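# Examining the three-dimensional arrangement
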Amino acid sequence: MIDIVETYFQWPVLPFSILLCLVCAYWLLVILGGIDMDAIDFDLDLDADMDASVTDLGMLGLKWLNLGEVPVMLWLSIVSLAAWVVTMVFDRDMINPTFQQNAVAIARSLGIGILVAKLLTNPMRGKLRTKQPNTVQDMLGRTCSVITSEVTPKFGNGICHVEDGAPLRLNIRTFEGSIPKDAVVQIVDFSPETGIYYVKETGDHLA
């Protein structure tokens, strides 16, 4: 047993064994409900007309690898497992490898792991992304009804009905003037600092 453990935690397989332990711990926490699956994730927002700067090309490279298209921890799990398997198959019997031998073996296994992750995640592109409901972009332009006595630049609440889910109770304000209860207003702006939506009157009222 000790010999097996030593095999798993010696060079050049050591970095991939550590990485594999970390991703296993992550998935265990997800299964147990300790963290959300999207706790470690990011999106790549790329403009098709952007200039081809070094940074932009790097982002395009990440997107080509499907990072940002699938959950990053799923991608990293495939890379670490594939690289670990390749290293164990080809390099587990290396005796006192030199720094150069370790570097070559790690680079080769990592490259193969990345390629495997690219191929396996191609069919998943965009299918595993969870869309955040009722984002600020979604809310702008929607209408809601005033449920307080009025809406002013300092006071007011409204109810916004959405297609999927319960109605949303929002803190709403006007830029100037007041709007009476039961008026239908349109959301025109949002303040991320205060969490307040700014509205304008549409001229309609609840029946």
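The rules behind each value
The residue count restarts for each chain, going from 1 along the sequence in the order it is written. Local features are withheld for residues below a pLDDT of 70 in this predicted model, meaning they are given only at 70 or higher, and side-chain atom pairs are given and counted only at 80 or more; totals for whole chains, interfaces and linings count all residues. The basis for the side-chain values is all heavy atoms of the structure; hydrogens and waters are excluded. Put simply, buried Ala, Val, Leu, Ile, Met, Phe, Trp, Tyr and Cys residues joined by side-chain atoms within 4.5 Å make one nonpolar core. Each residue is assigned to one of three classes by its accessible area relative to the maximum for its type, calculated with a 1.4 Å probe on protein chains only: buried under 20%, partly exposed between the two thresholds, exposed over 50%. Comment: elements are numbered from the N terminus, with helices defined as DSSP H or I runs of at least four residues and strands as E runs of at least two. A pair of strands is labelled paired if DSSP reports no fewer than 2 bridges between them. All axes are obtained by fitting lines to C-alpha atoms, using only the stretch in contact for helices, and the reported angles, taken between N-to-C directions, cover 0 to 180 degrees. Any two of the Phe, Tyr and Trp rings considered here, Trp counted by its six-membered ring, make a pair once their centres fall within 6.5 Å; the pair's planes then place it as stacked at under 30 degrees, edge-to-face at over 60, or tilted in between. Crossing handedness is read from the near helix: turned anticlockwise from the far helix by less than a right angle, it gives a left-handed crossing, and turned clockwise, a right-handed one. In what follows, residue pairs with any heavy atoms lying within 4.5 Å of each other are defined as contacts. We call two N or O atoms a polar contact when they sit within 3.5 Å, provided that within protein one can donate a hydrogen and the other can accept it, with sequence-adjacent residues counted only if both atoms are side-chain atoms. Oblique is the label for every angle not falling under 35 degrees (roughly parallel), over 145 degrees (roughly antiparallel), or within 65 to 115 degrees (roughly perpendicular). Three classes are used: nonpolar for Ala, Val, Leu, Ile, Met, Phe, Trp, Tyr, Cys and Pro, charged for Asp, Glu, Lys and Arg, and polar for all others, with Gly counted as polar. Salt bridge criterion: a side-chain nitrogen from Lys or Arg within 4 Å of a carboxyl oxygen from Asp or Glu.

### Details of the nonpolar core
- Counting 20 residues, the largest nonpolar core has Phe 16, Met 73, Trp 75, Trp 84 and Ala 117 as the members making the most contacts within it.
- Elements with a minimum of two residues in this core: α2 (14-32), α4 (72-91) and α5 (99-121).
- The biggest single contributor to this core is α4, with nine residues.
- Counting 13 residues, the second largest nonpolar core, distinct from the first, contains Val 151, Ala 183, Ile 187 and Val 199.

### With respect to the sheet that holds strand β7 (residues 196-205)
- As summarised here, the arrangement of the five strands in space is β1-β3-β4-β7-β6, forming a closed barrel in which the pairing is mixed. Pairs of neighbouring strands in the sheet enclose a mean axial angle of 55°, with direction left out of account.
- Of the pairings in the sheet, the one linking strand β3 (residues 157-160) to strand β4 (residues 168-174) comprises four bridges and is antiparallel in character. Each bridged residue has a counterpart across the sheet, and for Cys 160 the counterpart in β4 is Leu 168.

### Examining the packing of aromatic side chains
- A complete count under the given rule lists three aromatic pairs for this structure.
- With 5.0 Å between their ring centres and 75° between their planes, Tyr 26 and Trp 27 make a pair best called edge-to-face.
- Judged by centre distance (4.6 Å) and plane angle (45°), the rings of Phe 190 and Tyr 197 are tilted.

### A word on the pairing of β3
- Neither face of β3 is left uncovered, since the one carrying Asn 157 and Ile 159 and the one carrying Gly 158 and Cys 160 both have all their residues buried.
- Bridging between strand β1 (residues 143-146) and β3 involves two bridges; their strand directions are antiparallel. When the bridges of β3 are listed, Val 146 appears paired with Gly 158.

### Focus on the packing of α2 against α4
- Contact pair α2 / α4: the axes reach a minimum separation of 9 Å and the direction vectors enclose 145°. For the pair α2 and α4, the crossing hand works out as left-handed. Where α2 approaches α4, its residues Phe 16, Ser 17, Leu 19, Leu 20, Val 23, Tyr 26 and Trp 27 are matched on the opposing element by Met 73, Leu 74, Leu 76, Ser 77, Ser 80, Leu 81, Ala 83, Trp 84 and Thr 87.

### Considering the side chain of Thr 148
- Following the sequence through the fold, Thr 148 ends up in the loop between β1 and β2 (150-151).
- We classify Thr 148 as buried; its relative accessible area is 11%.
- Among the polar contacts listed, one links the side chain of Thr 148 to the backbone oxygen of Glu 150, at a separation of 2.9 Å.
- Among the polar contacts listed, one links the side chain of Thr 148 to the backbone nitrogen of Asn 157, at a separation of 3.2 Å.
- Contact partners of Thr 148, with chain neighbours within four places excluded, come to Phe 155, Gly 156, Asn 157 and Lys 181.

### What to know about the packing of α4 against α5
- At their nearest, the axes of α4 and α5 sit 7 Å apart, and the two run at 135° to each other. Taken as axis vectors, α4 and α5 run oblique relative to one another. Taken as a pair, α4 and α5 cross one another with a handedness that is right-handed. On the side of α4, the interface is formed by Trp 75, Ile 78, Val 79, Ala 82, Ala 83, Val 86, Thr 87, Phe 90 and Asp 91, while α5 contributes Ala 105, Arg 108, Ser 109, Leu 110, Ile 112, Gly 113, Ile 114, Val 116, Ala 117, Lys 118, Leu 120 and Thr 121.
- Partitioning the contact of α4 with α5 into residue classes produces 14 nonpolar, four polar and three charged.

### So, the pattern of salt bridges
- Applying the stated criterion across every chain yields a total of one salt bridge.
- With a closest N to O distance of 2.3 Å, Asp 91 and Arg 108 form a salt bridge. Here Asp 91 is found in helix α4, whereas its partner Arg 108 is found in helix α5, with 17 residues between them in sequence.
- Judged by relative accessible area, Asp 91 falls into the buried class, the value being 7%.

### Regarding the environment of Glu 201
- Within the fold, Glu 201 resides in strand β7.
- By relative accessible area, which is 38% here, Glu 201 ends up partly exposed.
- In this structure, the C-alpha to C-alpha distance between Glu 201 and Ile 179, residues 22 residues apart in sequence, is 6.9 Å.
- Residues in contact with Glu 201, not counting those within four places in the same chain, are Ile 179, Pro 180, Ala 183, Val 184 and Val 185.

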